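Structure assessment
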Amino acid sequence: MIQTENTAIVLRHVDYRDNDRMVTLFSPSRGRIDAVIRNCRKPRSHNLNAGELFALGDYMLYESGGRTTVTSVRLTETFYTLRENYERLTCGTYLLSVTEAVVEPEQERQELFMLLLHTLSRLAFSDQPWRPLLAGFLLHFAAAEGFKPRLNHCVACGRSLEEGPFFFDLEEGGVLCAACREAKRQSGEPGEKDRVSLAPQQLRWMREALGRGSAAWLDTPESYAPLPLLRRYVEGRLGRRIRSAALLPE
Ligand SMILES: [Zn+2]
């Protein structure tokens, strides 16, 4: 048996037996941890809030025979205000689902953890609109996962991108100049529906948000965040259904 204390956030939970709950925790130093919280659904349990989505704290874990049990929790944040606004709650749940799709056990993910916490904090405690927050998260998420979109040169001809119109090639993961897009279209190259038009302001927004780094992007002016494009790009790369994606408003 091993007993350890881990800072972590709850990404997902499933009720189990009468009063127990299985949780998927995300620890910045250990990645994904699946654990049981016993009796947390009893009304007077002192672990009542520890098994809720977004619960962030120091989880004391007891590991034995391949099973991990949460023995006690010191909560530092519950992001409770998210529950007061349906759209922000849905957005927050989506952030958890996207994160859950990539975290693996015993894998250090400090940068992704901080990206998630920074975004959740703004979502819960500021009045910044959720769409650009989500767009910025997805952009930095793509960078952290190794598929940062290429935004400075045309992915086909390599010319630097000065004047529009521009197109984003979802398959290539970067921007196409109008000439290359037209050449591909005329030659009947497959993937036409994955080459989508990108306004110059949207390209500028993505460059700026990426250029500011994984925390300062939160203050990027928000008008031109291309959220539908970034959702298609990231969800396509993850190659699996994201839980809660269907609930997110357009
Ligand atoms: Zn080109």
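It should be noted that the structure appears before, not after, this text.
Read on for a plain summary of the structure. Just so it is clear, the structure is predicted and the values come from calculations on it, not from any experiment. As a convention, each chain's residues are numbered from 1 in the sequence order in which they are written. Per-residue local features are limited, in this predicted model, to residues with pLDDT of at least 70; the limit for side-chain atom pairs, both in listing and counting, is 80 or more; totals at the level of whole chains, interfaces and linings are taken over all residues. Side-chain numbers come from the whole structure's heavy atoms, not from hydrogens or water.

1. Points about empty space enclosed by the protein
Rolling a probe over the atoms, with the probe sized like a water molecule, indicates the empty space that remains. Keep this limit in mind: Detection works on a 1 Å grid of protein atoms alone, calling trapped sets that fit a 1.4 Å probe cavities and calling open sets with protein on both sides within 12 Å along at least five of seven lines pockets, with lining residues defined by an atom within 4 Å of a point. Grid points are joined across faces, edges and corners, and a volume is the space filled by probe spheres set on the points. Note on residue categories: nonpolar means Ala, Val, Leu, Ile, Met, Phe, Trp, Tyr, Cys or Pro, charged means Asp, Glu, Lys or Arg, and polar means any other residue, Gly included.
In total, this model carries 1 cavity of 30 Å³ or more according to the counting rule given. For the largest cavity, the calculated volume is near 40 Å³. Lining the largest cavity are Q128, P132, L133, W205, W217, L218, T220 and E222. Each residue belonging to the lining of the largest cavity can be placed in one class, and the counts come to 5 nonpolar, 2 polar and 1 charged.

2. Here's the deal with the packing of aromatic side chains
Put simply, the test is: Aromatic rings from Phe, Tyr and Trp, taking only the six-membered ring of Trp, are treated as a pair when their centres fall within 6.5 Å; an angle between ring planes under 30 degrees marks them as stacked, one over 60 as edge-to-face, and anything in between as tilted. Helix and strand labels come from DSSP, where a helix needs a run of H or I of at least four residues and a strand needs a run of E of at least two; each type is numbered from the N terminus. Here the term buried applies to any residue with accessible area under 20% of the maximum for its type, exposed to any over 50%, and partly exposed to those in between, with areas from a 1.4 Å probe on protein chains only.
Counted according to the given criterion, the structure contains 5 aromatic pairs. Seen in terms of ring centroids, F26 and F113 are 5.3 Å apart; in terms of plane orientation they differ by 75°. Their pairing is edge-to-face. Taken together, the residues F26 in strand β2 (residues 20-27) and F113 in helix α2 (residues 110-125) connect sequence positions 87 residues apart. Comparing F26 with F113 shows no difference in burial state: the two are buried. Their ring planes at 80° and their centres at 5.4 Å tell us that F168 and Y233 sit as a pair that is edge-to-face. Of the two residues, F168 is situated in strand β6 (residues 166-169) and Y233 in helix α7 (residues 227-238); the sequence distance between them amounts to 65 residues. Per residue, the accessibility class of F168 equals that of Y233, and both read buried.

3. What to know about the coordination of the zinc ion
Inclusion rule: A donor here means an N, O or S atom no more than 2.8 Å from the metal, or no more than 3.2 Å when the metal is Na, K or Ca. Since water is not included, a site may seem to lack partners. Geometry is assigned from the angles between donors: four donors with all angles from 85 to 135 degrees make a tetrahedral site, four or six donors whose opposite pairs exceed 155 degrees while the rest stay between 65 and 115 make square planar or octahedral sites respectively, and everything else is labelled irregular.
Protein coordination of the zinc ion is provided by C154 (SG), C157 (SG), C177 (SG) and C180 (SG), with donor distances spanning 2.2 to 2.3 Å. Relative to the metal, the 4 donor atoms surrounding the zinc ion lie at angles of 101 to 116°, and the coordination shape comes out tetrahedral. All donors of the zinc ion belong to a single chain; written as a sequence motif, their spacing is C-x2-C-x19-C-x2-C. Across the pair, C180 and C177 agree in class, each one buried.

4. So, the pattern of salt bridges
Defined as follows: Any Lys or Arg side-chain nitrogen located within 4 Å of an Asp or Glu carboxyl oxygen qualifies as a salt bridge.
Within the structure shown, the criterion is met by 23 salt bridges. For D219, the salt bridge is made with R122, and the minimal N-O distance between the two is 3.1 Å. With D219 in the loop between α6 (213-216) and α7 and R122 in helix α2, this pair connects stretches of sequence that are 97 residues apart. Taking the relative accessible area as the measure of exposure, R122 reaches 22% and is therefore partly exposed. The shortest N-O distance in the salt bridge between E189 and K184 comes to 3.1 Å.

5. Quick look at the sheet that holds strand β5 (residues 67-77)
Using the following cut-off: Strands are labelled as partners when DSSP assigns at least two bridges between them. In this analysis, axes come from line fits to C-alpha atoms, helices being fitted only over the stretch in contact, and the angle between any two N-to-C directions falls in the range 0 to 180 degrees. Contacts are assigned to residue pairs that have any heavy atoms within 4.5 Å of one another.
The 5 strands lie next to each other as β1-β2-β3-β5-β4, forming a closed barrel whose pairing is mixed. Ignoring strand direction, the axes of neighbouring strands in this sheet form an average angle of 50°. With 8 bridges connecting them, strand β1 (residues 2-16) and strand β4 (residues 56-64) associate as antiparallel partners. Bridging from a neighbouring strand, I9 pairs with L56 of β4. Of the strands in this sheet, β1, β2 and β3 (31-37) touch helix α1 (residues 86-100), which is tilted by about 115° from β1.

The values reported here are purely geometric and, on their own, carry no functional implication.
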